[in-house]
Amino acid sequence: MKLFTVGPVEMFPQTLHIASEQLPYFRTPEFSELMFENERLFKASIRAAKNSKTVFLTTSGTGAMEAAVINCFGDEDKLLVINGGGFGKRFAEICQIHGISYDELKLDFGEVLTEERLNGFDGSKYTGLLVNLHETSTGQLYDINLISAYCRKYGLYLVVDAISTYLADKIEFDAMEIDVLIVSSQKALALSPGLSVMEISERIYRNRVLKMPIRSMYLDFKSHIKNMERGQTPFTPAVGILLELNERLKQIETTGVDEIQTEIHVLAERFRRELKTREFRIPEYPLSNALTPVLLEPNAREIYEQLKSKYGIMVTPSGGALEKVLIRVGHLGNVKWDDYEVLLNAMEQIRENL
Ligand SMILES: *Cc1c(COP(=O)(O)O)cnc(C)c1O
């Protein structure tokens, strides 16, 4: 099965090799050194300054989203949630579960997040903004400069779920004035699922994290940050994924983040051009390089099923209202242009026989 999904994605041979080996014990100076290196290399990959904090959580991305909310916000807060699809909705649900007051900026499918829409919400009413910078359910990439200017103007803390945009699109933690950034292992890092890495700004750490009551033992940032001072985590971490991460981050440092992002961009652009040549349609809103949504109404589900069963190709299906409307084709992990030729030909064949 060839994966054109967004996570898990096709893993690189070096990662698979590491995943096949015996794990070390982790309460050792050697493992602490590896964690310090992971921290340094991760910060470099998002252009974060030394005084922000890095947290390694053994959880999928949703756990990290929940951790961000409960460690930084409480009863006194009111948050603005950008909800342009499944992942935006998830942030809203997290606020609801934890009794944190919020408003939603809801985007209809196809609607672009514009300055007008954002300014329709009076920023002085809020203390923080939650956004999935790339709303993976639709493929829309929001304008981070627009969002961070809004947060600066009203003094809001900015929480960015960058899980499906990290390495695919440009992310600069300091320059974009992000307070919490969330990354997960199974997307562009192309590692096993189960690890999330978060960067916490000095400002939100001092003013919020340190002052918040502890609401989850497992997800408590204070304890994670304290432990990272000695290169450790409070509980048994995903040791194997942290080893996979170490190899991958070294590779990213050698290749360069900009180069990796450009490679993904070139692949995505070429695929989109080729789709248009073959008269497939894609949405008009701004897209992340991470994936290409293809408009196939009403046959999206059928085409997904046939790609899987007849061609051994796994694209990302859509859920809910978009099930019959969209398939999403990922550009992350170990995928090459030749693979896309095979996919495009298969999509054409299926379309002819519908
Ligand atoms: C994949 C993804 C997540 C994480 O979802 P999990 O199923 O918990 O791993 C969160 N946010 C976005 C934008 C994602 O693409």
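Residues numbered from 1 in each chain as written. Predicted model: local features only at pLDDT ≥ 70, side-chain atom pairs only at ≥ 80, totals over all residues. Heavy atoms only, no water.

(A) Just the sheet that holds strand β2 (residues 53–57), in detail. Strand order in this open sheet of seven strands is β2-β10-β9-β8-β5-β3-β4, and the pairing throughout is mixed. Of all strands in the sheet, those bounded by a partner on one side alone are β2 and β4 (101–106). Each strand axis lies, on average, 15° off the axis of its neighbour in the sheet, ignoring direction. Of the strand pairs in this sheet, strand β5 (residues 128–132) and strand β8 (residues 157–161) are connected by five bridges, and their pairing is parallel. When the bridges of β8 are listed, asparagine 132 appears paired with aspartate 161. Strands β2, β9 (180–184) and β10 (196–200) of the sheet are contacted by helix α2 (residues 29–45), whose axis makes an angle of about 115° with β2. (Pairing = 2+ DSSP bridges. Helix = DSSP H or I, 4+ residues; strand = E, 2+ residues; numbered from the N terminus. Axes fitted to C-alpha atoms, helices over the stretch in contact; angles between N-to-C directions. Contact = heavy atoms within 4.5 Å.)

(B) Expanded view of the nonpolar core. If you look at the biggest cluster of nonpolar residues, it comprises 65 residues, and the most contacted ones within it are Leu129, Ile147, Leu158, Val160, Leu181, Leu189 and Leu245. Where this core is concerned, the elements lending two or more residues are α2, β3 (78–83), β5, α6 (144–154), β8, β9, α9 (239–255) and α10 (257–277). When residues of this core are sorted by domain, at least three fall in each of domain 1 (13–255) and domain 2 (256–353). In contact with leucine 158, not counting residues within four places along its chain, are Leu129, Val131, Ile144, Ile147, Ser148, Cys151, Met176, Glu177, Ile178, Asp179 and Val180. Ala64, Phe73, Ile163 and Val209 belong to the second largest nonpolar core, which has 31 residues in total. (Core = buried A, V, L, I, M, F, W, Y, C linked by side-chain atoms within 4.5 Å. Buried < 20%, exposed > 50% of the residue type's maximum accessible area, 1.4 Å probe, protein only. Domains from an automatic or database assignment.)

(C) Spotlight on the packing of α2 against α9. With their axes 9 Å apart at the nearest point, α2 and α9 run at an angle of 45° to one another. Comparing their axes, α9 and α2 come out oblique. The interaxial crossing formed by α2 with α9 has left-handed handedness. Residue-level contacts link Phe31, Leu34, Met35, Glu37, Asn38, Arg40, Leu41 and Phe42 of α2 to Val239, Leu242, Leu243, Leu245, Asn246, Leu249, Lys250 and Glu253 of α9. Looking at side-chain class alone, the contact of α2 with α9 contains 10 nonpolar, two polar and four charged residues. (Parallel < 35°, antiparallel > 145°, perpendicular 65-115°, else oblique. Left-handed = near helix turned anticlockwise from the far one by under 90°. Nonpolar A, V, L, I, M, F, W, Y, C, P; charged D, E, K, R; others polar.)

(D) Examining the pairing of β2 more closely. Counting buried residues in β2 gives four out of five residues, a clear majority hidden from the surface. With five bridges connecting them, β2 and β10 associate as antiparallel partners. Paired with threonine 54 across the strands is glutamate 199, a residue of β10.

(E) Representation of the side chain of serine 164 within the structure. Its place among the elements puts serine 164 in the loop between β8 and β9. The exposure class of serine 164 is buried, given its relative accessible area of 3%. A polar side-chain atom of serine 164 sits 2.7 Å from a polar atom in the side chain of threonine 136. In this view, serine 164 contacts His134, Thr136, Lys187, Ser288 and Ala290; residues no more than four positions away in its chain are not counted. (Polar contact = N/O pair within 3.5 Å; in protein donor to acceptor, adjacent residues only side chain to side chain.)

(F) Representation of the sheet that holds strand β12 (residues 313–317) within the structure. Read from one edge of the open sheet, four strands run β1-β12-β13-β11, paired in mixed fashion. The sheet is open, and its two borders are formed by β1 (2–4) and β11 (291–295), each paired with just one other strand. Shown here is a sheet whose adjacent strand axes are inclined to one another by a mean of 35°, direction ignored. Sheet topology places β1 next to β12; three bridges connect them, and they run parallel. Looking at the pairing, phenylalanine 4 lines up with valine 315 of β12.

(G) Expanded view of the site of the ligand. Every one of the 13 residues lining the ligand counts as a neighbour, but Ser60, Thr62, Thr136, Asp161 and Lys187 are closest to it. Taking glycine 61, its main chain carries an N or O atom lying 3.3 Å from an oxygen atom of the ligand. If the ligand stood free it would expose 380 Å²; the protein chains cover 87% of that surface. Those elements giving two or more residues to the shell around the ligand turn out to be α3 (61–72) and α4 (86–97). By residue number, the principal contributor to the shell around the ligand is α3, which donates three residues. Of the residues that constitute the shell around the ligand, the class distribution is three nonpolar, seven polar and three charged. (Near = heavy atom within 4 Å. Areas by Shrake-Rupley, 256 points an atom, 1.4 Å probe, with all protein chains shown as cover.)

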